[in-house]
Amino acid sequence: DPSIVWFRRDLRTGDHPALLAAAERSPSAVGLFVLDDVLLGPAGKPRVDFLYNCLRNLNDQLGGRLMVVRGKPVEVVPRVVAEFGAGSVHVSADMGPYGRERDAAVEAALEVDFVRTGSPYAVAPGRVRKADGEPYKVFTPFKRAWLDHGWRAPADTDASTVDWVDAGTGLPAGDSHGERDALLAWEDFRDRLDDYARDRDRPDLDGTSRMSAYLRWGCVHPRTLLADLGENHDVYRSELAWREFYADVLWHRPETARANYDKKFDRITHDNDTGLFDAWCQGKTGFPIVDAGMRQLLAEGWMHNRVRMIVASFLVKDLHLPWWWGARHFMRHLIDGDLASNQHGWQWTAGSGTDAAPYFRVFNPTSQGEKFDPNGDYVRRYVPELRDIPGKAVHKPSGVKGYPEPVVDHAQERQVALDRYAAIKG
Ligand code: FAD
């Protein structure tokens, strides 16, 4: 009997413990991916394109034998098991709120073993705990315990050791990138890793690894990256630890995908001006660094981390809109959109999350722009109306034809934000 390898957030064949587990059960396997409308429905085009590219790359790795089926996993997986007389279904565990429920339902619907091996994390969420068994609520002690816990070395897996059953792929033709490109991009970044701590906050430079989407879809496992880091790469290791921390937080508190982690923030007053929200989504707020970021998101499905913090702060503290409005827009467009990192990145900015930034720290979008895009190159790249303004003057445009005047007065809105926080404090 073949086994089934059901791929989800693990679109790769290297360092894939579930693949190894399947190969140990049976020399032949059906490689399956289910196009689930619950997940695809709200996704924007860049996100869907990225997924298809990864699937095509995975299909290449399986010799053109990845079976792609549209439907509800709870119906599709048992049907494929029956069709091929499979003896077991193998997955990398999905730790997100939807994935956990979906997998429990699929497991209950199956008459064969449903085997979870590995997860998208170096340490599976829920494993790192305080001495009293409680989860960590603050990053730094989590990170220390996470490092102490440690993780296994990358698994040596090879798709060609499995006899993949030819089930007809069902994938439309098109571009293909995924695992191979992730590894090439990582090779390239390794030459710049020593400069990461210096350059990572500069959106005008190519200072970060751009691994986020590959990690999101599992084209590469974080273990593979961690294994390449040296003693002096602690800043990069910490960023991967943030990803693991937020997954851990969401695993313990799944309701924080929607609700404030810190309940006190349930009492904060929000505005609801959809015109201002649209201006933010379209990158037409009249604040150049905010507009550049929002337009990068729409054009590329990605945004630099520093700019994510700036635009998020602007939505919450200058426009006084609920963080989940912004989080939803991000999830729709980010190719690396990940529920744990996104919702908790937003909650961090809003002050309602773990490690709450002090509530009185309100980013000034103009001085943030001047500081982190010092020559204005990032803004000019994404805001063509401002291309004729040289140097950092681009952060303070005035009376530029075709470019909006600021939609709010920052100093005034900053005070409004502070007053609203003061009202819920304590
Ligand atoms: P690098 O700087 O090269 O970092 C390496 C890796 O570490 C990243 O690929 C990512 O996996 C992880 N990482 C880095 N910073 C963070 C962080 N703050 N939180 C969690 N993981 C981190 N990241 C996502 O992967 N998906 C999201 O949906 C997402 N939404 C965000 C929303 C907001 C409001 C904010 C402030 C941050 C968000 N981040 C998210 C975190 C961060 O912005 C991205 O991971 C990063 O910009 C990706 O680029 P990179 O791969 O070049 O990062």
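Residues numbered from 1 in each chain as written. Predicted model: local features only at pLDDT ≥ 70, side-chain atom pairs only at ≥ 80, totals over all residues.

As named in an unreviewed UniProt entry, the chain is Deoxyribodipyrimidine photo-lyase, taken from Actinokineospora alba. Under the UniProt heading Sequence similarities (unreviewed entry), the entry covering the chain gives this text: "Belongs to the DNA photolyase family." Under the UniProt heading Catalytic activity (unreviewed entry), the note attached to the chain is "cyclobutadipyrimidine (in DNA) = 2 pyrimidine residues (in DNA)." (UniProt positions renumbered as here; feature names shortened; annotations may be inferred.)

(A) Fine view of the overall build of the chain. Within the chain, the regular secondary structure consists of 19 helices and six strands. A globule of 426 residues ought to have a C-alpha radius of gyration of about 22 Å, and the chain, at 23 Å, matches this closely. With respect to the three principal axes, the spread of C-alpha positions in the chain is 70 × 50 × 45 Å. Across the 426 residues that make up the chain, the buried fraction comes to 43%. The contacts of the chain with a sequence gap of at least 6 include a subset with a gap of at least 24, amounting to 77%. (Helix = DSSP H or I, 4+ residues; strand = E, 2+ residues; numbered from the N terminus. Rg over C-alpha atoms; globule rule 2.2 N^0.38 Å. Buried ≥ 20, exposed ≤ 12 C-beta atoms within 10 Å, placed from the backbone. Contact = placed C-beta atoms within 7 Å.)

(B) The arrangement of the site of the ligand in detail. As a structural note, the neighbourhood of the ligand is formed by 27 residues, with T208, S209, N305, N342 and G345 the closest of them. At the level of secondary structure, the elements contributing two or more residues to the shell around the ligand comprise α9 (212-217), α11 (234-252), α14 (305-318) and α16 (339-350). Among the residues forming the shell around the ligand, the class breakdown is ten nonpolar, nine polar and eight charged. Of the domains in this structure, domain 2 (120-154 + 179-252) and domain 3 (257-424) are the two that each give at least three residues to the shell around the ligand. (Near = placed C-beta within 6 Å. Nonpolar A, V, L, I, M, F, W, Y, C, P; charged D, E, K, R; others polar. Domains from an automatic or database assignment.)

(C) Quick peek at helix α15 (residues 323-333). By the burial criterion, the buried members of α15 are W323, G326, A327, F330, M331 and H333. Each element contacted by the buried residues of α15 is listed here: α3 (45-61), α13 (288-300), α14 and α16.

(D) View of α16. Taking 1.5 Å per residue, twelve residues should reach 16 Å; α16 reaches 16 Å between its end C-alpha atoms and fits that length. By the burial criterion, the buried members of α16 are A340, S341, N342, Q343, H344, G345, W346, Q347, W348, T349 and A350. Those residues of α16 that are buried are in contact with α11, α14 and α15. Among the residues trailing α16, G351 stands out with phi positive, at a value near 85°. (Expected span 1.5 Å × (residues − 1).)

(E) Structural detail: the environment of E107. Inspection of the secondary structure puts E107 in helix α5 (residues 97-109). Taking the number of C-beta atoms within 10 Å as the measure of exposure, E107 has 16 and is therefore partly exposed. C-alpha of E107 to C-alpha of V74: the two residues are 33 residues apart in sequence and 8.4 Å apart in space.

(F) Representation of the environment of T169 in the model. Residue position: T169 is located in the loop between β6 (163-164) and α7 (179-190). Spatially, the C-alpha atoms of T169 and F33 are 9.7 Å apart, while their sequence positions differ by 136 residues. Once residues within four sequence positions are removed from consideration, T169 is found in contact with N59, G64, R65, L66, M67 and V68.

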